[in-house]
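Residue-level structure breakdown
Residue-level listing of the chains:
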Amino acid sequence: NLAKAVEDIGFTYTEGSSSDKSHAYAVYGDYLVTVYEESGKKVAYFNFRFSDSEENDLIKYDMSEEFSNDIEEFSVTDYSISEDGMRVVCGGNIPVFLKLIDRCITLLKGHEIRGIEYCSKCGNKFGSRKPKKVTDGKENHLMCEHCALETVEEVANRVQENEEEA
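The structure presented is a predicted model; accordingly, all values stated were derived computationally and were not measured. (Residues numbered from 1 in each chain as written. Predicted model: local features only at pLDDT ≥ 70, side-chain atom pairs only at ≥ 80, totals over all residues. Heavy atoms only, no water.)

1. As for the overall build of the chain
Helix and strand counts for the chain come out as four helices and eight strands. Reading the chain from its N end, one meets helices and strands in the order α-β-β-β-β-α-β-β-α-β-β-α. A compact globule built from 166 residues should have a C-alpha radius of gyration of about 15 Å, and the chain, at 16 Å, falls within 12% of that. Residues counted as buried form 40% of the 166 residues belonging to the chain. Long-range contacts, defined here as pairs at least 24 residues apart, represent 51% of the contacts in the chain between residues at least 6 apart. On the chain, roughly 9,300 Å² of surface is accessible, and the fraction owed to carbon and sulfur atoms is 46%. Of the side-chain charges in the chain, 19 are positive and 33 negative, and the distance between the mean point of each set is 6 Å. (Helix = DSSP H or I, 4+ residues; strand = E, 2+ residues; numbered from the N terminus. Rg over C-alpha atoms; globule rule 2.2 N^0.38 Å. Buried < 20%, exposed > 50% of the residue type's maximum accessible area, 1.4 Å probe, protein only. Contact = heavy atoms within 4.5 Å. Areas by Shrake-Rupley, 256 points an atom, 1.4 Å probe, with all protein chains shown as cover. Lys, Arg positive; Asp, Glu negative; His and termini not counted. Charge placed at Lys NZ, Arg CZ, Asp CG, Glu CD.)

2. Looking at the pairing of strand β4 (residues 41–47)
Of all seven residues making up β4, six are buried, and the element is well covered by its neighbours. Direction of pairing for strand β3 (residues 31–38) relative to β4: antiparallel, over a ladder of seven bridges. Its bridge partner lying in β4, Leu 32 is registered against Asn 47. With antiparallel pairing between neighbouring strands as the criterion, β3 and β4 make up a hairpin whose turn holds two residues, including Ser 39 at a positive phi of roughly 55 degrees. (Pairing = 2+ DSSP bridges.)

3. Quick notes on the environment of Asn 140
Tracing the backbone through its elements, the reader meets Asn 140 in strand β8 (residues 139–143). In this structure the C-alpha to C-alpha distance between Asn 140 and Val 33, which are 107 residues apart in sequence, comes to 7.5 Å. Beyond its immediate stretch of four places on either side in the chain, Asn 140 contacts His 23, Tyr 25, Leu 32, Thr 34, Tyr 45, Asn 47, Lys 133, Val 134 and Thr 135. Among the polar contacts made by the side chain of Asn 140, one reaches the side chain of His 23 at a distance of 3.5 Å. A distance of 2.5 Å separates polar atoms of two side chains, one belonging to Asn 140 and the other to Thr 135. (Polar contact = N/O pair within 3.5 Å; in protein donor to acceptor, adjacent residues only side chain to side chain.)

4. Observations concerning the environment of Leu 100
By secondary structure assignment, the location of Leu 100 is in helix α3 (residues 94–110). Using a relative accessible area of 0% as the deciding quantity, one classes Leu 100 as buried. For the pair Leu 100 and Ser 128, spaced 28 residues apart in the sequence, the C-alpha separation amounts to 32 Å. Those residues in contact with Leu 100 that sit more than four places away from it in its chain are Phe 67, Phe 74, Val 76, Val 88 and Cys 90.

5. Some thoughts on the nonpolar core
Counting residues in each nonpolar core, the largest one holds 32 residues, and the members touching the most others are Val 35, Phe 46, Phe 48, Met 86 and Leu 100. Secondary-structure elements contributing two or more residues to this core are α1 (2–8), β2 (21–28), β3, β4, α2 (56–68), β5 (76–82), β6 (85–90) and α3. It is α3 that contributes the most residues to this core, eight residues altogether. One finds Leu 32, Phe 126, Met 143 and Cys 144 within the second-largest nonpolar core, a separate group that totals nine residues. (Core = buried A, V, L, I, M, F, W, Y, C linked by side-chain atoms within 4.5 Å.)

Okay, here's the thing in structure tokens:
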């Protein structure tokens, strides 16, 4: 059971709109990590922010090349690296998924990717300001207050537009 496995390593579950557990999150290895199940597969989302460097595309490429060597070992069916996070989808069992989470943390640290000390939207360091956790779908993001308010409004507008279309 994924819920039990991630709770054992310190993750907290967030209740979904129904009575089942929706997703779990934790600060793990200095990154905000969200895990959930989707279409029978396990998904891990690592929230971070690349530094303001012209070399980010090269870093993303290097990370992708390095990670592509791990796809078979960790039963990865899909992955993506963006400005504010890395998403990996695993078709393997729970022990393989937990090892995959640790492998991703090692990859992020190895490339000196900034974690929980920085807003994942604007990239500013939090310093003495407290970060806000914003949930978009099943994925959590750490943001400064300004970016959090902006994002909550964007998410609310998107949800409203989706409801109007339905």
